[in-house]
Amino acid sequence: MANKFWQGVNNILKSTVPVYDKVEQAVDEHIRDTVTPIRGSIIYCNFDIILQSVAEHTGIYIGNGQIVELQGKTSGGQIRAADRHGFFSGTGASHVSVACHGNGSQPIGSEEIARRAESQIGNSRNYHLFKDNCHRFTSGCITGNFDNGDTQFLKLCNTIRRHFGNFNWRAWK
């Protein structure tokens, strides 16, 4: 119960305090444990416009420094593998985070998630910012259902909780 309370406080601060994401990022990178993703890890970065997070981008780590992502409309909704820098290129983000179990630093991931992501490389989707986006793709890799309703970051987070329990984001080493 206490964890849900603090997650709620964290979400409120993120949405109302313009520099909160920058403070949280500094804490993540310099105080908390950083992590290395495993195959099938869920990866996240946020779009940063003048010190305020305005959107998130998610994908799946498949090993060898590669993240499978659904690119936006300007790329024709292509599903591709990119390195860490290619993943957050154009977002204004300076770091990538990895979903970890509970409040710890053990990355969430599975071979099944990685295989689902790899099987989609080279495909394209009818990308739409609000209807068919990276969160829906990432959720599909977790669940196997690529026609899910997880088109918002918070819905994807709920899917992660349903499948893996409580989790937190840790900065990638």
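The structure we're discussing is the one just above.
Each value, and the rule that gives it
- The residue numbers shown here count from 1 along each chain, following its written sequence.
- In view of the model being predicted, local features appear only for residues whose pLDDT reaches at least 70, and side-chain atom pairs are presented and counted only at 80 or more, with totals across whole chains, interfaces and linings using the full set of residues.
- Note: side-chain values were computed over all heavy atoms of the structure, leaving out hydrogens and water.
- Here a Phe, Tyr or Trp ring, Trp counted by its six-membered ring, pairs with any other such ring whose centre lies within 6.5 Å, and the pair is stacked when the planes are under 30 degrees apart, edge-to-face when over 60, and tilted otherwise.
- Secondary structure elements are defined from DSSP: runs of H or I of at least 4 residues count as helices, runs of E of at least 2 residues count as strands, and each element is numbered from the N terminus.
- Relative accessible area decides the class of each residue, using a 1.4 Å probe on protein chains only: under 20% of the type maximum gives buried, over 50% gives exposed, and in between gives partly exposed.
- Whether a charge sits over a ring comes down to the Lys NZ or Arg CZ being within 6 Å of the ring centre and within 35 degrees of the ring normal.
- When a carboxyl oxygen of Asp or Glu lies within 4 Å of a side-chain nitrogen of Lys or Arg, that pair is called a salt bridge.
- A helix is expected to span 1.5 Å for every residue after the first.
- Our arc is simply the arc of the directions from the helix axis toward the C-beta atoms.

(A) Up close: the packing of aromatic side chains. The final tally for this structure, using the stated rule, is six aromatic pairs. Between Tyr44 and Phe153, the ring centres sit 4.8 Å apart and the planes meet at 20°, which makes this aromatic pair stacked. Taken as a pair, Tyr44 in strand E1 (residues 42-49) and Phe153 in helix H6 (residues 153-164) lie far apart in primary sequence, 109 residues in all. Judged on exposure class, the residue Tyr44 and its partner Phe153 are both buried. Aromatic side chains Phe153 and Trp169 sit 5.9 Å apart centroid to centroid with 25° between the ring planes, which places their arrangement in the stacked category. Residue Phe153 is found in helix H6, and its partner Trp169 is found in strand E6 (residues 167-171); the two are separated by 16 residues along the sequence. Take Trp169: its relative accessible area is 12%, and that puts it in the buried class. Through a chain of ring-to-ring contacts, three or more aromatic side chains come together here, namely Tyr44, Phe153, Phe167 and Trp169. A cation over a ring is seen here: Arg84 above Trp172, with NZ or CZ 4.1 Å from the ring centre.

(B) Up close: the pattern of salt bridges. This model, assessed by the stated rule, comprises nine salt bridges. Among the ionic pairs, Glu111 bridges to Arg115, the shortest N-O distance being 3.9 Å. Taken together, the positions of Glu111 and Arg115, both in helix H4 (residues 111-120) and four residues apart, correspond to about one turn of that helix. For Glu111, a relative accessible area of 38% translates into the label partly exposed.

(C) Looking closely at H6. Between its first and last C-alpha atoms H6 spans 16 Å; for twelve residues at 1.5 Å apiece the expected length is 16 Å, and the two agree. Within H6, burial applies to Phe153, Leu156, Cys157, Thr159 and Ile160. Projected down its long axis, H6 shows its buried positions confined to an angular sector of 155°, all on one face. With respect to the buried face of H6, the exposed residues turned more than 90 degrees away are Leu154 and Arg162. A positive backbone phi angle near 85° is found at Gly165, which sits one or two residues after H6.

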